[in-house]
Structures are given as C-alpha cells and as structure tokens.
Amino acid sequence: ADRLRQDMHGNGRVRLSGPQWQIGGRSAVLTSSYVVQGNAADAGHLTADLVWREDRWLVIGLSIERAQ
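First things first, this report covers the structure right here in the doc. Within any chain, residue numbers begin from 1 and follow the written order of that chain's sequence. The predicted origin of the model limits local features to residues at a pLDDT of at least 70 and limits the giving and counting of side-chain atom pairs to 80 or more, whereas totals for whole chains, interfaces and linings rest on all residues. Side-chain metrics in this entry use all non-hydrogen atoms of the structure; hydrogen atoms and water are not considered.

What to know about the overall build of the chain
Secondary structure elements follow DSSP: runs of H or I of four or more residues count as helices, runs of E of two or more count as strands, with numbering from the N terminus. Each helix and strand counted, the chain has 1 helix and 5 strands in total. Start at the N end of the chain and walk to the C end: the helices and strands fall as α-β-β-β-β-β. Throughout, exposure labels follow a simple rule: accessible area from a 1.4 Å probe, protein chains only, divided by the maximum for the residue type, with under 20% read as buried, over 50% as exposed, and the rest as partly exposed. Out of the 68 residues in the chain, the part that is buried amounts to 24%. Any two residues whose heavy atoms approach within 4.5 Å are treated as being in contact. Long-range pairs, those at least 24 residues apart, make up 26% of the contacts in the chain with a sequence separation of at least 6. Using a 1.4 Å probe, accessible areas were evaluated by the Shrake-Rupley method; residue-level cover was limited to the displayed protein chains. Taken as a whole, the chain presents about 5100 Å² of accessible surface, with 48% of it coming from carbon and sulfur.

Here it is, written out as structure tokens:
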C-alpha cells in the first residue's frame, strides 16, 4: 500500500473521484478514478478489495491501473 501511495503521489497531488462500491455478503470492492493535478495524462483507477471478517471490513488487496 505504501509503495502504491508513493507511486501515485510521486508526480504531484492526486485527486480521487467519488468511490464506486460493489458490496456482497462477505466481500466488497471499492473503485475510484484518479488524476494527478496539473498532469491530466497521469490518470487511472484505484481498486481496493475487502473481506468481512470478525465484524469489520479488512482490505485484502490494492491495485492501480493507469489509463492508456
């Protein structure tokens, strides 16, 4: 997660769009588009995979997909 954060912020301040949720009984996925302010060419999507365990949502995966 820290490496992804450094990658996103390495070129400037990042702005995320409102999150889109897909929630199931025991798992969820959050997706959000992002753009680096001042560099619209540096954009993509952030995805977080979550699982419901011990009465809380736990993040089990993070990924960044850069726009083409």
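A look at the packing of aromatic side chains
Ring pairs are drawn from Phe, Tyr and Trp, using the six-membered ring of Trp, whenever the two centres fall within 6.5 Å, and their geometry is named by plane angle: stacked under 30 degrees, edge-to-face over 60, tilted for the rest. Under the counting rule described, the total for this entry stands at 1 aromatic pair. On the basis of an interplanar angle of 65 degrees and a centroid distance of 5.2 Å, the ring pair of Trp52 and Trp57 is categorised as edge-to-face.

Details of the environment of Ser63
Position of Ser63 relative to the elements: it lies in strand E5 (residues 56–66). Look at Ser63 and you get partly exposed, because its relative accessible area is 36%. Taking the C-alpha atoms as reference, Ser63 lies 5.2 Å from Thr47; in sequence the two are 16 residues apart.

Observations regarding the pairing of strand E2 (residues 20–23)
For two strands to be treated as a pair, DSSP must find no fewer than two bridges joining them. Examined bridge by bridge, E2 and strand E3 (residues 27–36) share 4 bridges and lie antiparallel to one another. Directly across from Gln20, in E3, lies its bridge partner Thr31. Between E2 and E3, which pair antiparallel and follow one another directly, the connecting turn spans 3 residues.

Some details on unusual backbone geometry
Of note, Glu54 is a non-glycine position whose phi angle comes to about 55 degrees, a positive value. Following the sequence through the fold, Glu54 ends up in the loop between strand E4 (39–53) and E5. A positive phi is found at Asp55, a non-glycine position, where the angle reads about 65 degrees. Among the structural elements, Asp55 can be located in the loop between E4 and E5. Residue Asp55 is classed as exposed on the basis of its relative accessible area, which comes to 68%.

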